[in-house]
Amino acid sequence: MPMSRDFLVRSRHKSIWYVRIIVPKILRSTVGKSEIRISTRTSAKKQAKVIALKCYVHYQELFQDVIMSKKYDSDEIPENADGYIMFFDSMGRKHEVDFGNVPDAAEKELEAVRKLKEKSAEELILLAEKFKDTPKILKLILNSQSDRPNGRSKLSFADLTESYKEYRKTQVKVPGRGGSISSTTQKEEVGRIDFWKHVFSNKTIGEISHKEIKSALEWLNYLPAIHHTGLSFSEAIQLSKENAKTHTQPAVPSTFNKWASVLSQILSYAFDKSHTELDLSASVKLKPIDANKEVMSFTSDDLLKMFSADYGMYFGNASKRLSLEAKFWIPLFGLFTGCRIEEIAQLKVSDVDVDEESGIEFFSIRNDQLGPDGKLQSTKNRSSIRPVPIHSTLLTIGFLDYLKELKSEPGKSLFRLPMASNQKYGKEFSKYFSRKPTSNSTSQGYIERVGIESKVTKDDGTFQSKSFHSFRHTVATRLSKEFGNSSQFGYVLGHKETGETAAYITHGPKDRLAVSKEIIEKISFSELDFSSIQWGKFKKAHSL
């Protein structure tokens, strides 16, 4: 049995590494458990990997010896049916040992097997020692049995996926009981699980090979947007295979990874539950997103196109999913705060406040309060929790007047945004802001309508993109020119706080909010004229 992807696990105190050995299903009644955990007595992962490999080899040899010594039915060990011994050594090599009818053939066969297994175990451990400082090569060694044929499990892939769905439900985070995934993630996965159920609907898990997995991933590279196009699974798969032949419209890495990662998890689950002898998930390779995608800052020319004297001309009409208030204010907030889209989109009216002592107006980004639709607000990480002073330019444009109109509804969305199907408030705005037309949709995002290309593919196959997140890069670039050192302004953007950042913010007579206000006011765009961008004027023109 190949090593599980999670062959190393940490103790609950996040210090010592433990080896995780999966017990073959056929031996679980004998061993009394489905897995064995052994302490490596070290917190160094490289050292733990070598120890884990030695443990793995030892237990696999032990498991094989026990299986061969017991009298199981012929369908449980088909390799012994013809009177010879067939086994795979620690390096994944197949051996067939048969001494025919010579005297003491059985004893000689067992002795030959023992020597072959000892030799391969020594080879594997020597290789692990040699490459212990080269993780990529060591990983290949640990997965060296990928050519081994799969097991003979008769469990259908359809039944496997249903079992996996129930398993994922048990992993949903519940207050007081732990959990590893959000309910949103679990719900989003269901459609992707059903997709793979459809792909392998006529297969048992034992009939699926590494080659078939790799073949599926090749056309998955060209999977169209199923949810937006209304295509059935069969239609989407057919179109993907056709596009793969001509290399037409490849999916972006993040889209590929969403679908491929679910397949990987299903296959890993099958292996961990001993429904398959192979860890087929080893064939699923996710794409590095950052390696071929670069999110660009907005140039001065871009900003002039977005925030021109006719700001609002290209907003389009309001809809149930996107208000004109959101289209007016959210780009301005992105420009003068550098906040992430979800940080802005999930704000409630009551999240805006004023510090009585300093008179500084600010809004709070938090994850301990309910959002507009009654769900907990969320943040990317702990550093994201922060007060953000409101830039004077936003006040001049009329934000406080806008706020007064909403004071009677403190629990409502600040920008009248409903929660989307993915339990996020910023999803619809992100699409509105930077959507690029495709063969399936001619709809243009806001920046495309004003003349800014949201995605550009370069000659080397990589591509650059501009989206709402580009505001964040733009603000960081402007502040870098002012301060030179990102540690002096990273807190305002919700970056991880370093010792130098903390010292800059907390030392001295000014408190954190005052220093944040000072930093925010350094965000400046001298090339732009905001005198013609006024909330009162826009409101009157659109009868809001």
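Not measured: the values here are computed from a predicted model.

1. A short note on the environment of Ile-205
Piece 1. Topologically, Ile-205 is positioned in the loop between α6 (183-199) and α7 (210-220).
Piece 2. For Ile-205, a relative accessible area of 0% gives the class buried.
Piece 3. On a C-alpha basis, the gap between Ile-205 and Phe-271 in space is 9.8 Å, while along the polypeptide they are 66 residues apart.

2. Some details on the side chain of Thr-393
Piece 1. Relative to the assigned elements, Thr-393 resides in helix α14 (residues 392-397).
Piece 2. Its relative accessible area of 18% is what places Thr-393 among the buried residues.
Piece 3. Every residue in contact with Thr-393, bar those within four places of it in the chain, is listed here: Phe-336 and Phe-530.

3. Overview of the sheet that holds strand β3 (residues 35-39)
What holds strands together in a sheet is hydrogen bonding between their backbones, with the strands either parallel or antiparallel.
Piece 1. What the three strands build is an open sheet, ordered β1-β2-β3; its pairing is antiparallel. Every other strand in the sheet has two partners, leaving β1 (8-10) and β3 as the edge strands with one partner each. The average angle at which neighbouring strand axes cross in this sheet is 35°, direction not considered.
Piece 2. In the sheet, strand β2 (residues 17-22) pairs with β3 via five bridges, with the strands oriented antiparallel. Note on β3: the bridge partner recorded for Ile-21 is Ile-36.

4. As for helix α16 (residues 427-434)
Piece 1. Those residues of α16 lying buried are Glu-428, Phe-429, Tyr-432, Phe-433 and Ser-434.
Piece 2. In this fold, the buried residues of α16 make contact with α11 (300-306), α12 (324-337), α13 (341-345), α17 (446-449), β10 (455-457) and α18 (469-483).

5. Focus on the confidence of the model for the protein chain
Parts of the prediction with low pLDDT should not have their coordinates interpreted in detail.
Piece 1. Summarising the model, the protein chain shows a mean pLDDT of 79, and 77% of its residues fall at 70 or more.
Piece 2. The secondary structure element of the protein chain with the lowest average pLDDT is helix α20 (residues 499-506), at 45, and the one with the highest is α14, at 96.
Piece 3. For the stretch residues 70-82, pLDDT sits under 50, and the model shows twelve contacts to residues farther than four places along the chain or on other chains.
Piece 4. Contacts from residues 144-149, a stretch scored under 50 in pLDDT, to residues over four places away or in other chains number 18 contacts.

6. Here we look at the pattern of salt bridges
Piece 1. Taken as a whole, this structure holds 17 salt bridges when the rule is applied.
Piece 2. Note that Glu-166 and Lys-169 form a salt bridge whose closest N and O atoms lie 3.3 Å from each other. Taken together, the residues Glu-166 and Lys-169, both in helix α5 (residues 157-169) and three residues apart, mark about one turn of the helix.
Piece 3. A salt bridge links Glu-343 to Arg-386, with the nearest nitrogen and oxygen atoms 3.0 Å apart. Taken together, the residues Glu-343 in helix α13 and Arg-386 in strand β9 (residues 386-389) connect sequence positions 43 residues apart. Both residues of the pair, Glu-343 and Arg-386, count as buried.
Piece 4. Because the salt bridges share partners, they merge into one network encompassing Glu-162, Lys-165, Asp-194 and Lys-197.

7. Some thoughts on the nonpolar core
Piece 1. Core analysis: the biggest nonpolar cluster contains 65 residues, and Met-306, Phe-307 and Trp-329 have the highest contact counts within it.
Piece 2. It is α12 that provides the largest number of residues to this core, a total of nine residues.
Piece 3. Apart from the residues lying within four places of it in its own chain, the contact partners of Phe-307 are Pro-331, Leu-332, Leu-335, Phe-471, Leu-528, Phe-530 and Ile-533.

8. A few points about the packing of α7 against helix α10 (residues 253-272)
Piece 1. Orientation of α7 relative to α10, taken along the N-to-C sense of each, is 165°, at an axis distance of 10 Å. Looking at the two axes, α7 sits roughly antiparallel to α10. The two elements α7 and α10 cross, and the hand of that crossing is right-handed. Of the residues in α10, those touching α7 at Ile-213, Leu-217 and Leu-220 are Phe-256, Trp-259, Ala-260, Leu-263 and Leu-267.
Piece 2. Among the residues making up the contact of α7 with α10, the classes are represented as eight nonpolar, no polar and no charged.

9. Focus: the packing of aromatic side chains
Piece 1. Counted according to the given criterion, the structure contains 43 aromatic pairs.
Piece 2. Summarising the aromatic geometry, the rings of Tyr-402 and Trp-535 are spaced 5.1 Å apart at their centres and angled 75° between planes, so their arrangement reads as edge-to-face. Of this pair, Tyr-402 sits in helix α15 (residues 399-404) while Trp-535 sits in helix α22 (residues 535-541); the two residues are 133 residues apart in sequence, bridging distant segments of the chain. Across the pair, exposure class does not vary: Tyr-402 and Trp-535 are buried alike.
Piece 3. Arranged with centres 6.0 Å apart and planes meeting at 20°, the rings of Phe-429 and Phe-433 form a pair that is stacked. Of this pair, Phe-429 and Phe-433 both sit in helix α16, four residues apart, which is roughly one turn of that helix.
Piece 4. Exposure remark for Phe-429: the relative accessible area of 0% places this residue in the buried category.
Piece 5. The ring of Trp-259 has Arg-192 lying over it, and the distance from NZ or CZ to the ring centre is 5.6 Å.

Calculation criteria
- Residues numbered from 1 in each chain as written.
- Predicted model: local features only at pLDDT ≥ 70, side-chain atom pairs only at ≥ 80, totals over all residues.
- Heavy atoms only, no water.
- Helix = DSSP H or I, 4+ residues; strand = E, 2+ residues; numbered from the N terminus.
- Buried < 20%, exposed > 50% of the residue type's maximum accessible area, 1.4 Å probe, protein only.
- Contact = heavy atoms within 4.5 Å.
- Pairing = 2+ DSSP bridges.
- Axes fitted to C-alpha atoms, helices over the stretch in contact; angles between N-to-C directions.
- pLDDT = per-residue confidence, 0-100.
- Salt bridge = Lys/Arg side-chain N within 4 Å of Asp/Glu carboxyl O.
- Core = buried A, V, L, I, M, F, W, Y, C linked by side-chain atoms within 4.5 Å.
- Parallel < 35°, antiparallel > 145°, perpendicular 65-115°, else oblique.
- Left-handed = near helix turned anticlockwise from the far one by under 90°.
- Nonpolar A, V, L, I, M, F, W, Y, C, P; charged D, E, K, R; others polar.
- Phe/Tyr/Trp six-rings, centres within 6.5 Å; stacked < 30°, edge-to-face > 60°.
- Lys NZ or Arg CZ within 6 Å of the ring centre and 35° of its normal.

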